[in-house]
Amino acid sequence: QVQLVESGGGLVQAGGSLRLSCAASGSTFSFNNMGWYRQAPGKQRELVATISSGGATNSADSVKGRFTISRDNAKNTVALQMTSLKPEDTAVYYCYAVRDFRYSYWGQGTQVTVSS
């Protein structure tokens, strides 16, 4: 059974940085897209950034220039380097991965809190 385990969340002051990591276990398969979503209190889950197996990336306008997504295909890991954090980045961040372009897997979420 595939499990995605996130790490790296926490509390940081505005302007600070955090790095989120996500590791997939229990799978010998490779993933197509991997990435990150986030959900703030009272809001819908939204896409933060994605990366294909070939390294093509896509990110939300709100994080462009501040967040960088990367992955290691051999290790089935994906990371999100977040800089210049703002209070509005506060949310639970979820890692996800897609296999065979149809099977989706989600992590349990990691809290990121940015204080002003």
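Below is a short write-up of the structure. (Residues numbered from 1 in each chain as written. Predicted model: local features only at pLDDT ≥ 70, side-chain atom pairs only at ≥ 80, totals over all residues. Heavy atoms only, no water.)

Details of the packing of aromatic side chains
Let me state the cut-off plainly: A pair of aromatic rings is counted whenever rings of Phe, Tyr or Trp (Trp by its six-membered ring) have centres within 6.5 Å, and the orientation is called stacked for planes under 30 degrees apart, edge-to-face for over 60 and tilted otherwise. Here, a charge over a ring means that NZ of Lys or CZ of Arg falls within 6 Å of the ring centre while also lying within 35 degrees of the ring normal.
Scanning the model with the defined rule gives 4 aromatic pairs in all. Between arginine 45 and the ring centre of tyrosine 94, over which it is positioned, the NZ or CZ distance is 3.8 Å. Positioned above the aromatic ring of tryptophan 106 is the side chain of arginine 45, whose terminal nitrogen or guanidinium carbon lies 4.9 Å from the ring centre.

Focus: the layout of surface pockets
How we decide: Only protein atoms enter the 1 Å grid used here, on which a cavity is any set of points holding a 1.4 Å probe that cannot leave and a pocket is any open set flanked by protein within 12 Å on both sides along at least five of seven lines; residues with an atom within 4 Å of a point are listed as lining. Grid points are joined across faces, edges and corners, and a volume is the space filled by probe spheres set on the points.
In this structure, the largest pocket encloses a volume near 160 Å³. Lining the largest pocket we find 13 residues, and of these Arg38, Lys43, Glu46, Glu88 and Asp89 sit closest to its centre.

Overview of the pairing of strand 7 (residues 67–72)
Heads up, the rule is: The cut-offs for exposure are 20% and 50% of the maximum accessible area for each residue type, with area from a 1.4 Å probe on protein chains only; residues under the lower value are buried, those over the upper are exposed, and the others partly exposed. Numbering of helices and strands starts at the N terminus; helices are DSSP runs of H or I of at least 4 residues and strands are runs of E of at least 2. Strands are labelled as partners when DSSP assigns at least two bridges between them.
Taking every second residue as pointing to the same face, the buried face of strand 7 carries Phe67, Ile69 and Arg71, while none of Thr68, Ser70 and Asp72 on the other face is buried. The hairpin turn running from strand 7 into strand 8 (residues 77–82), its antiparallel successor, is 4 residues long, and asparagine 76 in that turn takes a positive phi close to 55°.

A short note on the sheet that holds strand 8
Cut-off, in case you're wondering: What counts as an axis is a line fitted to C-alpha atoms, over the stretch in contact for a helix, and the angles between N-to-C directions run from 0 to 180 degrees.
Here 4 strands make up an open sheet; going across it, the order is 1-3-8-7 and the pairing antiparallel. Two strands bound the open sheet, and with one partner strand each, they are strand 1 (3–7) and strand 7. Along the sheet, successive strands turn relative to each other by an average axial angle of 15°, direction set aside. In the sheet, strand 1 pairs with strand 3 (residues 18–25) via 5 bridges, with the strands oriented antiparallel. Across the sheet, residue leucine 4 finds its bridge partner in strand 3, namely alanine 24.

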